[in-house]
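# Results of the structural survey
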Amino acid sequence: DMLDTGSTLISCINELHKVGVQKIVVAVSHGLFTGSKWKQLFALGVDKLYCLDTIPKVSRRKEPRIRVIASKLIIKDALKKLSSQKEERSYAHKR
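Residues numbered from 1 in each chain as written. Predicted model: local features only at pLDDT ≥ 70, side-chain atom pairs only at ≥ 80, totals over all residues. Heavy atoms only, no water.

### Structural notes on the pattern of salt bridges
Per the counting criterion, the structure on display carries three salt bridges. One salt bridge connects K18 with E15, and the closest N-O pair in it is separated by 3.0 Å. Note that K18 and E15 are positioned in helix α1 (residues 7–18) at a spacing of three residues, about one turn of the helix. Measuring nitrogen to oxygen at the nearest pair gives 3.3 Å for the salt bridge that ties D47 to K23. Of this pair, D47 sits in strand β4 (residues 46–52) while K23 sits in the loop between α1 and β2 (24–28); the two residues are 24 residues apart in sequence, bridging distant segments of the chain. A residue is classified by how much of its surface remains accessible, and K23, at 62% relative accessible area, is exposed. (Salt bridge = Lys/Arg side-chain N within 4 Å of Asp/Glu carboxyl O. Helix = DSSP H or I, 4+ residues; strand = E, 2+ residues; numbered from the N terminus. Buried < 20%, exposed > 50% of the residue type's maximum accessible area, 1.4 Å probe, protein only.)

### Topic: the side chain of E63
Relative to the elements of secondary structure, E63 occurs in the loop between β4 and β5 (66–69). In terms of polar contacts, E63 uses its side chain to reach the side chain of R65, at 2.8 Å. (Polar contact = N/O pair within 3.5 Å; in protein donor to acceptor, adjacent residues only side chain to side chain.)

### What about the environment of L41?
With respect to the element layout, L41 can be found in helix α2 (residues 40–43). Taking the relative accessible area as the measure of exposure, L41 reaches 0% and is therefore buried. Considered as a pair, L41 and I24 are 17 residues apart in the sequence and their alpha carbons are 9.6 Å apart. Every residue in contact with L41, bar those within four places of it in the chain, is listed here: L3, G6, L9, I10, I13, V46 and L49. (Contact = heavy atoms within 4.5 Å.)

The structure is reproduced here in structure tokens:
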């Protein structure tokens, strides 16, 4: 989903800590990184934050714990899989 200020994720992480979760990795599709509250995520134990490059400014962010992933690669892989599944169904249907 989207990370704007980080408030929702901070609340989630606090709840995860209450039930004993220790290792937390966050993945978001859209990283807005509004303000500075989101930086608390790392203080709460988030090791890595993965973010798609759907928001241009995230690619220029100088935070080593944020890993930017090219969305075009994910879309390309998904399309390949869908195409492959379609071909398999088509072949099975012809038999």
